[in-house]
Amino acid sequence: MRILITGGAGFIGSNLLHYWCEKHPEDRVVCLDKLTYAGHLESIRPLIDDGRIDFVRGDICISDDVLNAMRGADTVIHLAAESHVDRSIDRPDEFVRTNVLGTFTLLEEARRLDVRRFHHVSTDEVFGTLSLDSVRKFSERTRYNPRSPYAASKAASDHLVRSYGETYGMTITVSNCGNNFGPFQHPEKIIPRFVTLLKSGKNVPVYGDGLNVRDWIYVVDHCSALDAIVGRGKSGSTYVVSGRNELSNIELTRKILSIMNLGQDRIDYIGDRPGHDRRYALDDSKLRKELGWKPSMRLNDALKATVEWYLDNEWWWKGFGDSYSFSAKR
Ligand SMILES: NC(=O)c1ccc[n+]([C@@H]2O[C@H](COP(=O)([O-])OP(=O)(O)OC[C@H]3O[C@@H](n4cnc5c(N)ncnc54)[C@H](O)[C@@H]3O)[C@@H](O)[C@H]2O)c1
C-alpha cells in the first residue's frame, strides 16, 4: 500500500506512524504535517532518519501542498486537525479553517487523484454529552449534537467525508474515538499536563467538581483499530472506537497521584470549562463484531506505562517550550 498519513507529527499520528512501520514494513508511508504548535518532529525523527517514512511539511488547507504529498498514494488516513477544546473556545476560526476547509481540500485532491480509500479520524465529542445518571452510550446511530467549536468543526468534517462517499462514490470510512492516552501527547492535555506539573512540584487543576466522565483508550489500541478499519472496514461505514474505560476526571487524577506516590493535597479545584460536556460513553460493539477488533492493554497497566514514559522523557515534553502552558491560563 502507498499511504498518506496527515497530522503524523501530532500525538495519535506519531503513534500511528510507529505502529504502521512496525506492522506493515512493506508499505510506502508519507506524512503530511504543518508542524503547528502541536506537531513535534522529534516524535517521528527515527522513522524519518532511517528512511522508513517520507516527511512533507505542508498545510492541508493548501491544494498544492496536499497534491505534493498525496500524489502516488492509494490510501489516506486523515488525522491533521486543531484538537484542543480549550483553544477552540478562544480561537474557533483556526478550527473551522483546519478541520473543515482542510478536510475539504484533502477530499478534493483525493477525488482528483482517484485515491482508493480515504479514512477520516474523528472524535466522540461530535455526539454531545450524556448525563451522569444515564446508562446510554453513543453509537454509530447517535444523532450529532456538538457543543464546542472543536466538536462542531469535527462534525462538519465527518459530514463532508460521508458526502464524498455518497456523491462521488469515493471509498470512505469514518471513526469516532474516545479520549486517547499514551506517549507523545502534547503536554497541554490532561495526563501529560498533570504528570509534568506534578514533576515540577506544582499542584494539578481539576475543572469544576471533577465528576466529568470520559471514555479512555490507550493510543496504540486506537492505532490497531484504525489498521482494522482501513484494511477491512466497509465503504461508507462509521465505526465507534472505545477502550471501554469510563473514568471521571477526579478518578483519573487520583490514579496518576497514586502511580507517582503523591497525596490528594496536590489537587486544586478550579472553575469549570464553558459548555463542559458531562459524560461520554461509547458502544463499539459494531467494530468488535464486524471486524473482530479488541484492545490489547488494560487501563491500569497502560496508564502506569504512560505516566512513566513522561517521567522518563522530560527532553521530549520540554521540546515544546512555552506552548504547553496554555491551559494554565484558563
Ligand atoms: N487525542 C484524542 O484523544 C482524540 C480522540 C478522538 C479523535 N481524535 C482526533 O484524532 C486526530 C489527531 O488528534 P491528536 O490528539 O493527535 O492531535 P494533535 O493536536 O496532537 O496533532 C495534530 C497534528 O496535526 C497537525 N496539523 C494541524 N493543522 C494542520 C494543517 N493545517 N495542515 C497539516 N497539519 C496540521 C499538527 O501540526 C499536529 O502534528 C484529530 O483529528 C482529532 O480530532 C483525537
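Refer to the structure presented above.
Scoring rules and cut-offs
- Residues numbered from 1 in each chain as written.
- Predicted model: local features only at pLDDT ≥ 70, side-chain atom pairs only at ≥ 80, totals over all residues.
- Pairing = 2+ DSSP bridges.
- Helix = DSSP H or I, 4+ residues; strand = E, 2+ residues; numbered from the N terminus.
- Axes fitted to C-alpha atoms, helices over the stretch in contact; angles between N-to-C directions.
- Buried ≥ 20, exposed ≤ 12 C-beta atoms within 10 Å, placed from the backbone.

Undergrad: Looking at this structure, I do not really get the sheet that holds strand β1 (residues 2–6). What am I missing?
TA: What holds strands together in a sheet is hydrogen bonding between their backbones, with the strands either parallel or antiparallel. In space, the seven strands of this open sheet follow the order β3-β2-β1-β4-β5-β6-β10, with parallel pairing throughout. The open sheet terminates on both sides in strands that have one partner only, identified here as β3 (53–57) and β10 (237–241). With direction set aside, neighbouring strand axes in the sheet form an average angle of 20 degrees. Where strand β2 (residues 28–33) meets β3, five bridges bridge the pair, whose relative direction is parallel. Bridge pairing links V29 to I53 in β3.

Undergrad: Explanation requested: unusual backbone geometry in the structure shown.
TA: Most peptide bonds take the trans form, and the phi angle of most residues other than glycine is negative. Here L35, not a glycine, exhibits a phi torsion of approximately 55 degrees, which is positive. By secondary structure assignment, the location of L35 is in the loop between β2 and α2 (45–49). A tally of 14 C-beta atoms within 10 Å means that L35 is categorised as partly exposed. The phi dihedral of R244 falls on the positive side, at around 55 degrees, and the residue is not glycine. Mapped onto the elements of the fold, R244 is located in the loop between β10 and β11 (245–248). Here R244 falls in the partly exposed class, since 17 other C-beta atoms lie within 10 Å of it.

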